[in-house]
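# A look at the structure
The lines below spell out each chain.
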Amino acid sequence: MTTPRGASLAASRTVAAAAATTPSRTLRTLGRAAHQYPRVVTSDRWAAKVDRSDPQRRDGYDLSLVIAAKEIVAGDVAVFTFAAPTGGVLPAWSPGAHVDVLLPRPDGSTLMRQYSLNGDPADRTHWRIAVRRIDPAAGGGGGSVAMHALEVGDRVTLRGPRNAFNFVSGTAYRFVAGGIGITPILPMVRAAAAAGADWTLVYAGRSRSSMPFVDELVALDSARVTIHTDDEEGQPDTAALLQDLGDDTAVYLCGPSPMIDAARALIPPRVPDASLRGVSLHTERFSPPPVVGGRPFSVTLARTGATVEVAADESALAAIQRVLPDVRYSCKQGFCGSCEVGVLKGSIEHRGSSMRAVDGADSMLVCVSRAEGDALVVDL
Amino acid sequence: MTTQSPASRETSVEGAHTAYAEEALAIRPRNVSFDWSSVPFHYVPTDAYATHFWNVMHLVLPEGERAMADVLGRALDQIEDPRLKEELIGFIGQEETHASSHESFRHYLEAHGVDIPRVTGVMAQIMDKIFGEHDLTGRAADAWFKERLGLYAAAEHFTAVVGEWLIDNAEFDRVGVDPTMLDLLRWHGAEEMEHRNVAFDVYQYVDGGYARRVRTAIVASAGLLTLWLWASRFLYVNDPRIERPRRPMPLAFIRSARRGLIPGIGFVLREIPPYVRRDFHPSKMGPIDKAVRYLANSPAARDAA
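Residues numbered from 1 in each chain as written. Chains lettered and ligands numbered in written order. Predicted model: local features only at pLDDT ≥ 70, side-chain atom pairs only at ≥ 80, totals over all residues.

## Re the overall build of chain B
Definition in use: Runs of H or I in DSSP of at least four residues are treated as helices and runs of E of at least two as strands, each being numbered from the N terminus. For the radius of gyration, the atoms used are the C-alpha atoms, and the globule rule reads 2.2 Å times the number of residues raised to 0.38. Three exposure classes are used, all based on how many other C-beta atoms lie within 10 Å of a residue's own C-beta (placed from the backbone): buried at 20 or more, exposed at 12 or fewer, and partly exposed between those limits. Remark: residues whose backbone-derived C-beta atoms lie within 7 Å of one another are considered to be in contact.
Per the secondary structure count, chain B includes eleven helices and two strands. What you see for chain B is a C-alpha radius of gyration of 20 Å, in line with the 19 Å of a compact globule of 305 residues. A principal-axis box enclosing the C-alpha atoms of chain B has dimensions of 65 × 45 × 35 Å. Taken over 305 residues, chain B has a buried fraction of 52%. Counting contacts in chain B only where the partners sit at least 6 residues apart, residues at least 24 apart contribute 83% of the total.

What follows is the structure, encoded as structure tokens:
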């Protein structure tokens with residue numbers, strides 16, 4: 001830089017000042033037009049002559065389906081096949097997609113569990129899911145037990161399909177599945193095989209007899225499938241599962257958290273260039289559970305006067321939703337800031353990583369933050 | 001259950017519902033963060049104007065994205081379609097994280113002597129005086145709400161096509177744009193591709209009027225272009241770090257566009273018209289594999305919750 005910095009700074013300040021005080025004629029004209037714009041388009045004459053509402057609405061996200069088949073495989077895995085009661089065509093899905101299964105509970109609430117579709121996407125009249133039974137004593141949340149109680153002929157509400165694990169077209173794949181994590185991977189393997197891609201699968205589990213779909217996978221191409229069992233070879237080393245990756249391999253991994261963490265460390269992220277080539281690591285994005293926990297307190301909504309009790313094991317957001325179902329939120333983790341509301345009374349225990357979750361602020365993130373005392377009054 | 005082909009959507013009459021024929025894409029915010037400490041001031045090397053062109057994102061988008069998230073959020077209680085509702089909830093969080101990520105770079109610019117209040121002040125005026133509430137009531141308030149949904153839907157078309165441009169642009173790699181800034185631009189672009197249908201579908205759900213769609217597309221495009229050219233020029237001519245004599249403004253824009261470091265006017269003229277076709281839907285703009293691939297590598301986004 002050869003220009004004397006001070007001089008050019010001073011000159012640019014003058015230019016800035018001039019620009020600030022005397023906008024060009026074009027800008028002034030635009031400004032005047034912009035101010036007229038809301039007036040014109042909201043006038044009655046305009047409404048009568050120009051704008052016609054023509055709402056386009058969709059449905060069919062919630063589907064009442066019937067269980068067409070149920071089979072127990074690998075000891076404790078129930079494989080369900082769903083179909084429309086009238087046998088109609090179901091929405092299309094691609095590998096990696098999942099559905100929400102909504103089960104009514106005796107207390108009137110709904111139990112929601114998400115399961116990957118693991119059948120053939122080309123079969124447009126059936127969907128297949130697999131559910132491993134996990135006893136509550138072994139840490140299960142009761143969802144899998146309720147699922148296993150379903151029988152052929154039962155009607156179940158499914159929502160979806162939705163894809164949070166998108167399968168991109170490519171030339172080389174390494175699939176890594178741990179246990180029941182095979183379910184989203186299975187249709188991917190089939191798609192890669194059908195497309196003639198260069199693929200390999202490493203499928204790890206406790207024992208061969210506890211692993212569903214082994215025969216189905218080996219039948220695709222036994223040379224490309226490696227089965228790793230803990231009882232024969234011990235706990236798998238993730239580094240070994242990710243050996244010999246080609247230059248342009250898409251790694252699709254679904255398994256327990258330690259396996260995901262290890263893979264992330266082994267394949268560090270980098271800013272991809274425009275060719276988007278190179279090794280990429282794909283893992284499924286789950287909606288993380290909301291952060292909760294603490295003492296109970298009450299929240300009063302100032303605009304309606306309604307008061308809701310927030311239990312120790314729920315978020316203020318969950319409690320507010322009981323009286324205000326369309327309150328704004330998004331991440332439920334305290335980072336995005338969508339659920340920020342003004343607090344009119346009471347002191348706040350701030351949680352979350354959003355820039356807005358700061359001490360002294362007179363607003364809170366209702367998805368994670370709580371009351372320091374027993375009660376809050378919020379601007380809702 | 002009804003089974004209609006996606007094509008039948010276009011012929012549906014008012015009030016008619018057509019069934020979704022395809023899976024939804026899960027739209028969720030990512031907990032990204034960026035460390036600006038090692039970013040050079042002119043992060044697009046050899047092109048100061050291009051740097052300032054992209055700086056406009058940091059200065060004008062946060063206010064616009066928050067206003068958009070606010071207006072679209074008010075449509076939540078009108079939407080009974082659970083799919084559109086969950087997409088909108090994810091969209092709001094993505095827009096909020098875009099706003100705060102771009103905003104985080106303002107501290108850097110301020111520390112480097114950029115007159116931020118001049119630009120953000122104009123932006124705040126625009127959002128308040130033109131796109132604000134205007135104390136309207138009844139039918140006029142409803143019309144203005146729908147008008148703004150139309151404007152935001154059109155602006156989102158703009159950001160989706162620019163987002164794809166950002167991911168595709170090999171010139172960024174060739175000249176060596178700072179990797180942290182490039183990740184912000186491309187992560188943002190990838191999420192814009194991910195949620196490209198949401199604002200459009202909300203507009204179609206609540207109003208769907210064709211005349212309003214065309215009008216708001218023209219207003220939004222003209223407004224964004226004017227704002228962008230004004231703000232980038234302001235930053236460029238007030239940058240004391242640029243060697244004098246400085247290339248005059250229209251030439252600087254043309255040069256950066258020719259070098260492929262910013263989208264040119266031709267890009268705008270090419271990408272906007274499809275939006276005003278009667279049968280337009282964002283899903284017709286091709287697969288979003290690029291966004292998926294980018295996000296599977298992005299240092300900011302890949303491992304973020």
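## Some points on the overall build of chain A
Of the regular secondary structure elements, chain A holds ten helices and 19 strands. For 380 residues, the compact-globule estimate of 2.2 N^0.38 gives 21 Å, and chain A exceeds it by more than 25% at 28 Å. Each principal axis of the C-alpha distribution contributes one length, and for chain A these read about 80 × 65 × 55 Å. Per-residue burial for chain A yields a buried fraction of 36% across its 380 residues.

## What about the domain arrangement of chain A?
For the record, the criterion: The domain limits used here are those given by an automatic or database domain assignment.
Here the domain parsing of chain A yields domain 1 (62-163), domain 2 (172-283) and domain 3 (297-378). On a C-alpha basis, the centroid separation for the pair domain 2 of chain A and domain 3 of chain A is 41 Å.

## Concerning the UniProt feature "domain: FAD-binding FR-type" (unreviewed entry) in chain A
For clarity, the cut-off: UniProt positions are given in the numbering used here, feature names are shortened, and annotations may be inferred rather than shown by experiment.
This chain's UniProt record puts "domain: FAD-binding FR-type" (unreviewed entry) on residues 60-168 of chain A. The distance from the first to the last C-alpha atom of residues 60-168 of chain A is 26 Å, and the span holds 6% helix and 46% strand.

## Some remarks on the sheet that holds strand β8 (residues 172-178) of chain A
Residue and element names in this part refer to chain A. The condition that has to hold: Only strands joined by at least two bridges in the DSSP assignment are considered to pair. In this analysis an axis means a line fitted to C-alpha atoms, helices contributing only their contacting stretch, and an angle means the value between N-to-C directions, from 0 to 180 degrees.
On the basis of which strands lie adjacent, the open sheet formed by five strands has the order β10-β9-β8-β11-β12 and parallel pairing. Lying at the two open borders of the sheet, with one neighbouring strand each, are β10 (225-229) and β12 (280-283). Geometrically, the sheet is characterised by an average inter-axis angle of 15 degrees between neighbouring strands, direction not taken into account. When β8 meets strand β11 (residues 249-254), the two strands line up parallel, connected through six bridges. Paired with R174 across the bridge in β11 is V251. Across the sheet, helix α5 (residues 182-194) touches β8, β9 (198-205) and β11, and the angle it forms with β8 is around 155 degrees.

## Digging into the packing of helix α2 (residues 82-111) of chain B against helix α7 (residues 198-206) of chain B
The axes of two packed helices give the description: the angle between them and the distance between them. Residue and element names in this part refer to chain B. Formally: Here the angle decides the label: under 35 degrees means roughly parallel, over 145 means roughly antiparallel, 65 to 115 means roughly perpendicular, and every other value means oblique. Take the far helix as your reference; a near helix turned counterclockwise from it by less than a right angle gives a left-handed crossing, and one turned clockwise gives a right-handed crossing. Polarity classes work like this: nonpolar for Ala, Val, Leu, Ile, Met, Phe, Trp, Tyr, Cys and Pro, charged for Asp, Glu, Lys and Arg, and polar for all others, with Gly in that last group.
Packing of α2 against α7 leaves a shortest axis separation of 10 Å and a crossing angle of 135 degrees. By the angle class used here, α2 and α7 are oblique. Regarding α2 and α7, the two cross each other, and that crossing is left-handed. Here α2 contributes L84, E87, L88 and F91 to the contact with α7, which in turn contributes V198, D201, V202 and Y205. Tallied by class, the residues present in the contact of α2 with α7 amount to six nonpolar, no polar and two charged.

## A closer look at the sheet that holds strand β17 (residues 363-365) of chain A
Residues and elements named next belong to chain A. If you walk across this open sheet you meet the five strands as β14-β13-β19-β15-β17, and the pairing is mixed. Edge positions in the open sheet fall to β14 (307-310) and β17, since each of these has one partner strand only. Direction aside, the axes of adjacent strands within the sheet are offset by 40 degrees on average. Pairing between strand β15 (residues 340-345) and strand β19 (residues 375-378): two bridges, direction antiparallel. In the strand pairing of β19, V343 is matched with V378. Across the sheet, helix α10 (residues 316-323) touches β13 (297-301) and β14, and the angle it forms with β14 is around 145 degrees.

## A few points about the nonpolar core
As a reminder of what qualifies: For this analysis, nonpolar core means a set of buried Ala, Val, Leu, Ile, Met, Phe, Trp, Tyr and Cys residues linked through C-beta atoms within 7 Å.
Counting 102 residues, the largest nonpolar core has A:F175, A:I185 and A:V189 as the members making the most contacts within it. If you tally residues by element for this core, the top one is helix α1 (residues 48-73) of chain B, at ten residues. When we break this core down by domain, the ones giving at least three residues each are domain 1 (62-163) and domain 2 (172-283) of chain A. In this structure, A:V189 is in contact with A:F175, A:W199, A:L201, A:L217 and A:L220, ignoring residues within four places of it in sequence. Among the nonpolar cores identified, the runner-up in size contains 56 residues, and A:V341, B:A26, B:L72 and B:F200 belong to it.

## Some words on α7(B)
The element α7(B) is extensively covered by neighbouring structure, given that nine of its nine residues are classed as buried. All of the buried residues along α7(B) are B:V198, B:A199, B:F200, B:D201, B:V202, B:Y203, B:Q204, B:Y205 and B:V206. Structurally, α7(B) contributes buried residues whose contacts are with β1 (57-59) of chain A together with α1, α2 and α4 (138-168) of chain B. Looking one or two places after α7(B), you find B:G208, whose phi comes out positive at around 80 degrees.

## Describing the interface of chain A and chain B
Tallying the contact residues gives 75 residues for chain A and 82 residues for chain B. Those elements giving two or more residues to the side of chain A that touches chain B turn out to be α1 (5-21), α2 (25-41), β1, β2 (62-73), β7 (155-163) and β12 of chain A. Among the elements that make up the side of chain A that touches chain B, the one with the highest residue count is α1(A) (eight residues). Alignment of β7(A) against strand β2 (residues 24-25) of chain B, held across two bridges, turns out to be parallel. Residue pairing across strands places A:N163 opposite B:L25, the latter belonging to β2(B).

## So, the environment of B:H58
Relative to the elements of secondary structure, B:H58 occurs in helix α1. When the C-alpha positions of B:H58 and B:P40 are compared, they lie 15 Å apart, and in sequence the two are 18 residues distant.

## So, unusual backbone geometry
With an omega of 0 degrees, the peptide bond running from A:G160 to A:P161 counts as cis. In this structure, A:P161 sits in strand β7. Cis geometry marks the peptide bond from B:R244 to B:P245, where omega comes out at 0 degrees. The topology assignment puts B:P245 in the loop between α8 (210-237) and α9 (249-258).

## Description of the confidence of the model for chain B
Residues and elements named next belong to chain B. The following threshold applies: The pLDDT value tells you how sure the predictor is about a given residue, anywhere from 0 up to 100.
Of all residues in chain B, 94% attain a pLDDT of 70 or more, and the chain-wide mean is 92. Of the regions scoring below 50 in pLDDT, residues 1-14 engages in 23 contacts with residues more than four places distant in sequence or in other chains. For this predicted complex, the interface score ipTM comes out at 0.91, while the overall pTM is 0.92.

## Topic: the environment of B:D303
As for its position among the elements, B:D303 is in the segment after α11 (289-295). Between the alpha carbons of B:D303 and B:R30 there is a distance of 8.7 Å; along the sequence they are 273 residues apart. Leave out the neighbours within four places in its chain, and B:D303 touches A:R264 and A:P269.

## Quick look at the pairing of β10(A)
Residue and element names in this part refer to chain A. For the record, the criterion: When the strands point away from the viewer and the path from the first strand over the helix to the second turns clockwise, the crossover is right-handed.
Note that β9 and β10 share five bridges and pair parallel. If you follow L201 over to β10, its bridge partner there is V225. Between the parallel pair β9 and β10, the chain is carried across by helix α6 (residues 214-220), and the sense of this crossover is right-handed.

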